[in-house]
Amino acid sequence: MKALRFAFKALWSRKVSSLFIGLIWAMGLLGLATTQRLERGMEAQLVRTLEGSDIMLCAKGSPTQAILANIFHVDQATGNIPTDEAEKWLSHPDILHVRRLAYGDSYRGSRILGCDSATWLHIPAFELEGRWPEMAMEVVVGSHVAEKHGVEIGDEFHGSHGTVEDMGDHAEHHYHVVGIVQSPELHWNELVLTPLESVWAVHEEEARNYTAVLARIDQAMTRLMLPGQIQRNSPLMAVSPAMEANRMVGWMNQGGQVIEAMAWLLTAIAFLSMALLLHSHLRERLPEYALLRAMGGTWGQIAALVLGQNFVLALLAVSLTYLGLAMAFWSQGAWLPPGLLLLASDWWNLQFDLFWWALTLFLALFAGIGPWVWLQKIPLHRALVDH
Amino acid sequence: MSVVLRSSPLRIHLNRNTCLDFPALEVHAGEMLLIQGASGAGKSTWMHALAGMIPLSSGEVEIPGHGILRAGQSVPKAWRRHAVSVLPQRAFFWNSLSLEENLSLAAWAKGVDEAKVDLDRLGLAKQAGQSAHSLSMGEQQRVSALRSFISESPLLLADEPTASLDDANAQVMLELLRDQQLKHPCAIVLASHDQRVLPFVDRMVQLS
């Protein structure tokens, strides 16, 4: 402990350069730790979100857009599909647990999702205050929407057409709040849920349409064959959410690889700077180190002093990294869509950090070994006499 | 008095072209010996050789109870830690540490209890938390001497301890060394060409 105290004091005397190296190092580690967490967390999040959705029927368009709109509820839908065309395919014996969706309106920027009871009962680990809707124009509001706009059970409001407020109001149709729902899968807390009939009632001039239908497919072979069959024989688009999600993860991983490469570069710069800083410190304080040896200090003690300085730098870098990770986690709502928000249990799963803890420790020791060996080769009497 | 240092004639090669020879030497406990000689005569080299900081080309040095330093062999374990203390010509202090911490660092290197470090002895207890560089040259040299007393080694090698001091500070420094010898009967070997040390030494070796 004494060696660490002396090492800390030695670093403190050149605190600006030490802090600079610690920051660069922390930025490198933060890049590595964050991409690792995003890859792992998003995959886990995707698996959770896609649970029970082996097929999605929707209007033809971009499959990725359809997934983002109809599963994560963060993009515009590709269009609407006639209910009778969709129902024709939903009668297939291997299709189970069907969830029908119809978009249309929004309430102060939050999407109003017309859906059937199978959809809201599919919400993972929900906590419901009040009750589920029993008739058209009744809504259950996601907890974050309720909190943001001060919505309570018994309130009434009307929606705006589309997903932005300036596209016109449906002031003549009032939604009646009968419940508030909260789920650990945060994107559900951003929605307003209402029966399909509400959406159809508000848009009374239009024919009855779904925006999308999600369902589970019982047989693996059907899971493989049915989407193609629907694509060929109907105007609908049939998407396998798992396959599309894999493609999305692939894109994200490519972005992650770029960030990771930059993180490695920063780590390498920090490593070199640390070695150079230590070496210049030893050159500057050579007589003091020589005197320490002359007084009987062992090479082990000198190593503890020299490597201890890098160890303190490593502690600084790790502390700053965790500070950055905490800030990234708290602010994730600002840079991740609600459907991809990561859970604390995924973000703070520290067992995966062991790799870069070990890397940090190794780099700290490795950067110190060169200067320490150099110090051993300096003749003691010359160091004391020549300075 | 008992023998603290026994050295045969020593030969040291500083480089391929420079070779220095030193005479046999015996120093006793409680004795203060002066090695005198002009600048460049090799006084510091001899001191450093006795401290095991320069390899011997021939000869051997014995400090009874602490082993024998032989040419071609490694320095006996704990030679510099317990057998010898070095008081360098310049008081090298870590500017990142306070006075007290500098002494604590020396105690740590020597492997001794910090309680033995007593700045009160120099009247500098109030400056304990300050940087050593805030002290005068004379005070720095005295703290450096105090640092060399930490392990109470049987042999203290002082290299030009008064070289950069005025008369008053040189006097205080030499009295401090004499006091230490009264407190702990070690042998002190001074390398100096300063005539002011003469009244304090028991014996002198002239290096040509």
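Residues numbered from 1 in each chain as written. Chains lettered and ligands numbered in written order. Predicted model: local features only at pLDDT ≥ 70, side-chain atom pairs only at ≥ 80, totals over all residues. Heavy atoms only, no water.

A. Highlighting unusual backbone geometry. Residue and element names in this part refer to chain A. One non-glycine residue, His97, adopts positive backbone phi at about 50°. Topologically, His97 is positioned in strand β3 (residues 95–107). Phi at Ala125 is positive, roughly 45°, even though this residue is not glycine. Of note, Ala125 is situated in the loop between α5 (117–121) and β5 (127–130). Judged by its relative accessible area of 58%, Ala125 is exposed. (Helix = DSSP H or I, 4+ residues; strand = E, 2+ residues; numbered from the N terminus. Buried < 20%, exposed > 50% of the residue type's maximum accessible area, 1.4 Å probe, protein only.)

B. Main features of the packing of aromatic side chains. Residue and element names in this part refer to chain A. A full pass over the atoms with the stated rule returns 17 aromatic pairs over all chains. Aromatic pair Trp120 and Trp132: ring centres 5.5 Å apart, planes at 10°, arrangement stacked. Highlighted residues: Trp120 in helix α5 and Trp132 in the loop between β5 and β6 (138–142), separated in sequence by 12 residues. Its relative accessible area of 5% is what places Trp120 among the buried residues. With a relative accessible area of 14%, Trp132 lands in the buried category. A cation over a ring is seen here: Arg5 above Phe6, with NZ or CZ 5.3 Å from the ring centre. The cationic tip of Arg37 hangs over the ring face of Trp347; the distance from NZ or CZ to the ring centre is 5.7 Å. (Phe/Tyr/Trp six-rings, centres within 6.5 Å; stacked < 30°, edge-to-face > 60°. Lys NZ or Arg CZ within 6 Å of the ring centre and 35° of its normal.)

C. Layout of the interface of chain B and chain A. Across the contact, 24 residues belong to chain B and 27 residues belong to chain A. It is Phe92(B), Trp94(B) and Trp108(B) that lose the most area in chain B upon contact with chain A, and together they represent 30% of the buried surface on that side. Residue Arg5(A) is joined to Glu101(B) by a salt bridge in which the shortest nitrogen-to-oxygen separation is 3.9 Å. For the pair chain B and chain A, the number of links is six residue pairs in polar contact (both at pLDDT 80 or more). Secondary structure elements with two or more residues in the side of chain B that touches chain A: α2 (79–83) and α3 (99–110) of chain B. It is α3(B) that contributes the most residues to the side of chain B that touches chain A, seven residues altogether. Class assignment for the residues of the side of chain B that touches chain A results in 13 nonpolar, four polar and seven charged. (Contact = heavy atoms within 4.5 Å. Buried area = accessible area lost by both parts, 1.4 Å probe. Salt bridge = Lys/Arg side-chain N within 4 Å of Asp/Glu carboxyl O. Polar contact = N/O pair within 3.5 Å; in protein donor to acceptor, adjacent residues only side chain to side chain. Nonpolar A, V, L, I, M, F, W, Y, C, P; charged D, E, K, R; others polar.)

D. Structural view of the pattern of salt bridges. Tallied over the full model, the rule gives 22 salt bridges over all chains. Between Glu85(A) and Lys88(A) there is a salt bridge, and its shortest N-O distance comes to 3.4 Å. Of this pair, Glu85(A) and Lys88(A) both sit in helix α4 (residues 83–90), three residues apart, which is roughly one turn of the helix. We note a salt bridge from Asp21(B) to Arg11(B), for which the minimum N-O separation is 2.8 Å. Placement of the pair is Asp21(B) in strand β3 (residues 19–22) and Arg11(B) in strand β2 (residues 10–13), with a sequence separation of 10 residues. A relative accessible area of 48% places Asp21(B) in the partly exposed class. Salt bridges sharing common partners tie together Arg5(A), Lys9(A) and Glu101(B).

E. How the structure looks around the nonpolar core. If you look at the biggest cluster of nonpolar residues, it comprises 62 residues, and the most contacted ones within it are Trp46(B), Val84(B) and Leu155(B). With six residues, helix α10 (residues 286–294) of chain A is the largest single contributor of residues to this core. Core analysis: the second largest hydrophobic core is formed by 61 residues, Ala33(A), Cys115(A), Leu313(A) and Trp347(A) among them. (Core = buried A, V, L, I, M, F, W, Y, C linked by side-chain atoms within 4.5 Å.)

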